Amino acid sequence: MAILVAGGAGYIGSHMVKRLVEAGEDVVVADNLSTGHKKAINPGAKFYYGDIRDRAFLDRIFVNEDITAVVHFAAFSIVPESMKEPLKYFDNNTSGMVTLLEAMHDFGVKYIVFSSTAATYGTPETMPIKETDPQKPINPYGLSKLMMEQMMAWADQAYGIKFVALRYFNVAGAAPDGTIGEDHGPETHLVPIIMQVAQGKRDELSIFGDDYNTPDGTNVRDYVHVMDLADAHILAVKYLKAGNPSNAFNLGSSTGFSNKEMLEAAREVTGKPIPAKIAHGALGTQIH
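Residues numbered from 1 in each chain as written. Predicted model: local features only at pLDDT ≥ 70, side-chain atom pairs only at ≥ 80, totals over all residues. Heavy atoms only, no water.

Visitor: How do you make sense of the overall build of the protein chain when you look at a structure like this?
Guide: Looking only at helices and strands, the protein chain features eight helices and 13 strands. Since a compact globule built from 288 residues should have a radius of gyration of about 19 Å, the 20 Å found for the protein chain is in line with a globular shape. By its C-alpha atoms, the protein chain is 60 × 40 × 35 Å across when sized along the principal axes. Out of the 288 residues belonging to the protein chain, those deemed buried represent 49%. Total accessible area computed for the protein chain in this model is approximately 14100 Å², and 54% of it derives from carbon and sulfur atoms. Averaging the coordinates of the 25 positive side-chain charges in the protein chain and doing the same for the 34 negative ones gives two points 2 Å apart. (Helix = DSSP H or I, 4+ residues; strand = E, 2+ residues; numbered from the N terminus. Rg over C-alpha atoms; globule rule 2.2 N^0.38 Å. Buried < 20%, exposed > 50% of the residue type's maximum accessible area, 1.4 Å probe, protein only. Areas by Shrake-Rupley, 256 points an atom, 1.4 Å probe, with all protein chains shown as cover. Lys, Arg positive; Asp, Glu negative; His and termini not counted. Charge placed at Lys NZ, Arg CZ, Asp CG, Glu CD.)

Visitor: Teacher, can you tell me more about the sheet that holds strand β2 (residues 26-31) here?
Guide: Working definition: the strands of a sheet are paired by backbone hydrogen bonds and lie parallel or antiparallel to each other. Reading across from one edge, β3-β2-β1-β4-β5-β6-β10 is the order of the seven strands in this open sheet, with parallel pairing throughout. The sheet is open, and its two borders are formed by β3 (46-49) and β10 (247-251), each paired with just one other strand. Here the average twist between neighbouring strands, direction ignored, is 20°. Bridge count between strand β5 (residues 111-117) and strand β6 (residues 162-168): seven bridges; the pairing is parallel. Considered in β6, the bridge of Ser 115 is made with Leu 166. (Pairing = 2+ DSSP bridges. Axes fitted to C-alpha atoms, helices over the stretch in contact; angles between N-to-C directions.)

Visitor: Whenever I open this one, the packing of helix α6 (residues 190-198) against helix α8 (residues 259-270) confuses me. Can you help?
Guide: What describes two packed helices is the angle between their axes and the distance between those same axes. It is the contact of α6 with α8, at a shortest axis distance of 10 Å, that shows an interaxial angle of 40°. Here α8 runs oblique to α6, going by the angle between their axes. Taken as a pair, α6 and α8 cross one another with a handedness that is right-handed. Along its contact with α6, which presents Leu 190, Val 191, Ile 194, Met 195 and Ala 198, the element α8 presents Asn 259, Met 262, Leu 263, Ala 266 and Thr 270. Of the residues assigned to the contact of α6 with α8, the class counts are eight nonpolar, two polar and no charged. (Parallel < 35°, antiparallel > 145°, perpendicular 65-115°, else oblique. Left-handed = near helix turned anticlockwise from the far one by under 90°. Contact = heavy atoms within 4.5 Å. Nonpolar A, V, L, I, M, F, W, Y, C, P; charged D, E, K, R; others polar.)

Visitor: What's the story with the packing of aromatic side chains in this structure? I'm lost.
Guide: Within a pair of aromatic rings, the relevant descriptors are the distance that separates the centres and the angle that separates the planes. Inspection of the entire model under this criterion finds four aromatic pairs. When the centroid spacing of 6.5 Å and the interplanar angle of 80° are considered together, the rings of Tyr 89 and Tyr 141 count as edge-to-face. Taken together, the residues Tyr 89 in helix α4 (residues 86-107) and Tyr 141 in helix α5 (residues 140-159) connect sequence positions 52 residues apart. Three or more aromatic residues joined by ring pairs form one cluster here, namely Phe 76, Tyr 89 and Tyr 141. One Lys or Arg, Lys 88, reaches over the ring of Phe 76 and ends 4.8 Å from the middle of that ring. (Phe/Tyr/Trp six-rings, centres within 6.5 Å; stacked < 30°, edge-to-face > 60°. Lys NZ or Arg CZ within 6 Å of the ring centre and 35° of its normal.)

Written out as structure tokens, the structure is:
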């Protein structure tokens, strides 16, 4: 009996695969390596190279492996890109979910844990965000993830495929042993960009905006560690296998940190000056 991790070569997926293998689980990874990295896949997992939109590819996995549950990370996730190329996101994210659920139904696989996002809520009306709050996404990425959640709900009603949707906020961190971590190209996330400045790979950090309604004027975000996310996905699989109903859960730390606070923490930990500025068009104000 194996767990299929779709997108298991990506950032969060590879950390979950690592945790599952260390726990003695049989793990099968499906990934087209469009954003993931083969070297990030734990050697204890079996790897299938391909795209989950390809039904023949999925059939080969389900025929060859005794899959009992699926964890789905195989989706594009860059918000600005989704605004420029919305159809790319609906094709990959939404269509991929259709094909995956069809294959699960045909092969009798009844459990799926889905990597969703807080972007399904859009602009929150109240804080903190609750799972029962309205979902009004404001970009194609968030909408594609919401549509994927809705598809699972209908598949549950029609076929009895039980799901957990995990809606999380800003992911950060890496495996404590340093074997894997964030590796996006191009990098768009704050923490690795700060680290790239510390390493001398970038000249400075640009922080966009210093007039937010926050204590220091910079944007405040809720960060959750990637290993905590991996553990949450494993708990979600256990939750479903224990016979619990389909559900959705927010995942976060419930503590916000501003961009300046993240910068200062990195300076303290690394001992590096990490040049930074508040960006104002072509110019900027240095942060000391």
